[in-house]
Amino acid sequence: MNEYLKRVISNIEKRDSHESEYLQAIKEVLCSIEQILDKHPEYEKAAILERMTEPERIITFRVPWVNDNGEVIVNRGYRVQFSSLIGPYKGGLRFHPSVNQSIMKFLGFEQIFKNALTGLPIGGAKGGSDFDPKGKSDNEIMRFCQSFMTELYRHIGQDVDVPAGDIGVGAREIGYLFGQYKRIRNAYEGGVLTGKAICYGGSLARKEATGYGLLFYVREMLKTNGHDLNGKIVTISGSGNVAIYACEKATAFGAKVVGMSDSNGCIYDKNGIDLPLIKQIKEVKRGRIKEYLRVHPESEYIEKTSDDSPIWGIKTDIALPCATQNELNLNSAKKLVENGVIAVGEGANMPTTQEALDYFIEKGILVAPAKAANAGGVATSAIEMSQNSMRYYYTFEEVENKLEKIMINIFNACNENAEKYGCPKNYVAGANMAAFQKLADAMLAQGIV
Ligand code: NDP
């Protein structure tokens, strides 16, 4: 391995040894850009890697709020403003009990690369809280969001940092956050948050964008390799925003989705998933996926009992992990390959463990990497920002057409870079190299900052 690369990785391992997700994300990127570093010795002189792996700013704060029983609860809030190299900080907010600094940093780091791939002027950030929205009343969610924004507002702005949703943060939470921001600032800055409802400045097709974008990318990847989505069997983990709209688009492209999941287990419906029912259970009732059986008793529910997510035991042509990080491990990868999987499309961020990813590449399975394949969400957020600035709205078709073009361009960049650097069909490496080259050049151009 290149000496510079070795030294940087070893220093990060020493400094941030407790941040396992962050180390995993860093190594995945750095280990695939060696050829670029060999060609550009000037990157070492300018400490490009050291600067690219150190966030510009990490903010943590107290979030006190009162629950429906009158008890005071204190959560921890985060905003990691990783890079403003090519635009205002941009990245979602995650509300989930697992949130910690390592997860925030890995997501922020991935976001810089993803945003660079979109070709749009957006930097990289991530934020959130260890608050668990599950089982909370609407009023509790509102009070939490208001308290969270009462601190966050001083760090964001439509030209500074523009948060959006992620796990546990959807249109409801964005609405409460926006209301509180507007109240504190006494100004209507529509572009300060994205993922807003359509009635007060959101973009048509933003809700669908990550899932639809994933399928545009997977379609291009399959086409380039002589395959087609039509008639293929698909399994999708998760049943949240990304999973639901991935299912919708996969079905529109002629595939049959037979499995979806949540954190408790998965549904196998060999007749094809009843998506309106999933939307009713998850988007309206905020219930558990097991409730699917009440309407479709002929389908099967498999409880999650170990680290291996049961959905990956279902025979499928295409697997779309759309839930969370490291949800697809080596065991699951082996099961998928044994069952004849031809492609994996990452809708979630870093859903595949490094061992599983290496195994897929070794076995010649096509992998659509998260930072490229799920970039449709943030790309459409950038389109929402531009509509807010223009004070003019596009139709659904106009936004979807722009999204489709962006995803085709991203796939082409991954494909071209994979070929250029001698690893054809390795879109994971292709994505890392395409984004890194752009970021490194921007960093050189801006001097030592
Ligand atoms: P949602 O909160 O809408 O849905 C998350 C889904 O994943 C739920 O079904 C949830 O199940 C499941 N899940 C969450 N944590 C776990 C876990 N630890 N184990 C198993 N299942 C879990 O989130 P999104 O759909 O928005 O996000 C999903 C993924 O996509 C995340 O990795 C996110 O970072 C990524 N992403 C999202 C974008 C977006 O636009 N929303 C853009 C780009 C990436 P349960 O209901 O049981 O918790």
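Summarised in this report is the structure supplied together with it. As the structure is a computational prediction, the values presented were derived from the model and not from experiment.

Each value, and the rule that gives it
Residues numbered from 1 in each chain as written. Predicted model: local features only at pLDDT ≥ 70, side-chain atom pairs only at ≥ 80, totals over all residues. Heavy atoms only, no water. Near = heavy atom within 4 Å. Polar contact = N/O pair within 3.5 Å; in protein donor to acceptor, adjacent residues only side chain to side chain. Helix = DSSP H or I, 4+ residues; strand = E, 2+ residues; numbered from the N terminus. Nonpolar A, V, L, I, M, F, W, Y, C, P; charged D, E, K, R; others polar. Expected span 1.5 Å × (residues − 1). Bend = angle between axes of the 7 residues up to and from the residue. Buried < 20%, exposed > 50% of the residue type's maximum accessible area, 1.4 Å probe, protein only. Pairing = 2+ DSSP bridges. Axes fitted to C-alpha atoms, helices over the stretch in contact; angles between N-to-C directions. Contact = heavy atoms within 4.5 Å. 1 Å grid on protein atoms, 1.4 Å probe; cavity = no way out; pocket = protein on both sides within 12 Å on 5 of 7 lines; lining within 4 Å. Points joined across faces, edges and corners; volume = space filled by probe spheres on them. Salt bridge = Lys/Arg side-chain N within 4 Å of Asp/Glu carboxyl O.

**Observations concerning the site of the ligand**
Among the 25 residues in the neighbourhood of the ligand, the closest are listed as Asp 166, Thr 210, Ser 263, Arg 288 and Asn 349. With respect to the ligand, the side chain of Arg 288 contributes an N or O atom lying 2.6 Å from an oxygen atom. Only helix H9 (206–224) and helix H10 (241–252) provide two or more residues apiece to the shell around the ligand. Among the residues forming the shell around the ligand, the class breakdown is five nonpolar, 13 polar and seven charged.

**Comments concerning H9**
Given a rise of 1.5 Å per residue, 19 residues ought to cover 27 Å, and the 27 Å separating the end C-alpha atoms of H9 matches this to within 8%. Along H9, the helix axis deviates most sharply at Tyr 212, where the bend reaches about 30°. By the criterion of burial, H9 is predominantly enclosed, with 15 of the 19 residues buried. Just downstream of H9 lies Gly 226, where phi reads positive at about 75°.

**A short note on the pairing of strand S5 (residues 161–164)**
Going residue by residue along S5, you find Asp 161 and Pro 163 tucked away on one face and Val 162 and Ala 164 tucked away on the opposite face as well. By the bridge criterion, four bridges tie strand S3 (residues 89–95) to S5 in an arrangement that is parallel. Note that in S5 the partner of Lys 90 across the bridge is Val 162.

**A word on the sheet that holds strand S9 (residues 300–303)**
Read across the open sheet, the seven strands follow the order S9-S8-S7-S6-S10-S11-S12; overall the sheet is mixed. Of all strands in the sheet, those bounded by a partner on one side alone are S9 and strand S12 (366–368). On average, each strand axis in the sheet is tilted by 15° relative to the strand beside it, whichever way the strands run. Pairing geometry for strand S6 (residues 233–237) and strand S10 (residues 318–321), over four bridges, is parallel. The partner of Val 234 across the bridge, within S10, is Ile 318. Here H10 sits on the sheet in contact with S6, strand S7 (256–261) and S10, set at roughly 170° to S7.

**A few points about empty space enclosed by the protein**
In this approach the atoms are scanned with a rolling probe the size of a water molecule, which exposes any empty space left behind. Under the definition given, this model contains two cavities of 30 Å³ or more. The volume enclosed by the largest cavity comes to roughly 50 Å³. In terms of lining residues, the largest cavity is bounded by Glu 28, Glu 110, Glu 346, Met 350, Leu 357, Pro 369, Ala 370, Lys 371 and Val 428. When its residues are assigned to classes, the lining of the largest cavity shows five nonpolar, no polar and four charged. As a volume, the second largest cavity reaches approximately 40 Å³. Lining the second largest cavity, in full, are Gln 24, Glu 28, Glu 346, Met 350, Thr 352, Gln 354 and Leu 357. Elements supplying a minimum of two residues to the lining of the second largest cavity: helix H2 (20–30) and helix H14 (354–362). Grouping the amino acids of the lining of the second largest cavity by side-chain chemistry returns two nonpolar, three polar and two charged.

**Considering the environment of Arg 57**
Position of Arg 57 among the secondary structure elements: in strand S1 (residues 57–66). Classification of Arg 57 as partly exposed rests on a relative accessible area of 42%. With 25 residues separating them in the primary sequence, Arg 57 and Phe 82 have C-alpha atoms 6.4 Å apart. When neighbours within four sequence positions are excluded, Arg 57 is seen to be in contact with Arg 79, Val 80, Gln 81 and Tyr 89. Side chain to side chain, Arg 57 and Tyr 89 meet in a polar contact 3.4 Å long.

**Brief notes about the pattern of salt bridges**
Two side chains that carry opposite charge are able to pair once their charged atoms sit near each other. Using the criterion set out here, one finds 25 salt bridges in the structure. For Lys 196, the salt bridge is made with Glu 384, and the minimal N-O distance between the two is 2.8 Å. With Lys 196 in the loop between helix H8 (171–185) and H9 and Glu 384 in helix H16 (residues 376–390), this residue pair connects regions lying 188 residues apart in the sequence. Looking at Lys 196, the relative accessible area reads 4%, which means it is buried. Each of Arg 219, Glu 220, Lys 223 and Glu 404 takes part in one network of salt bridges that share partners.

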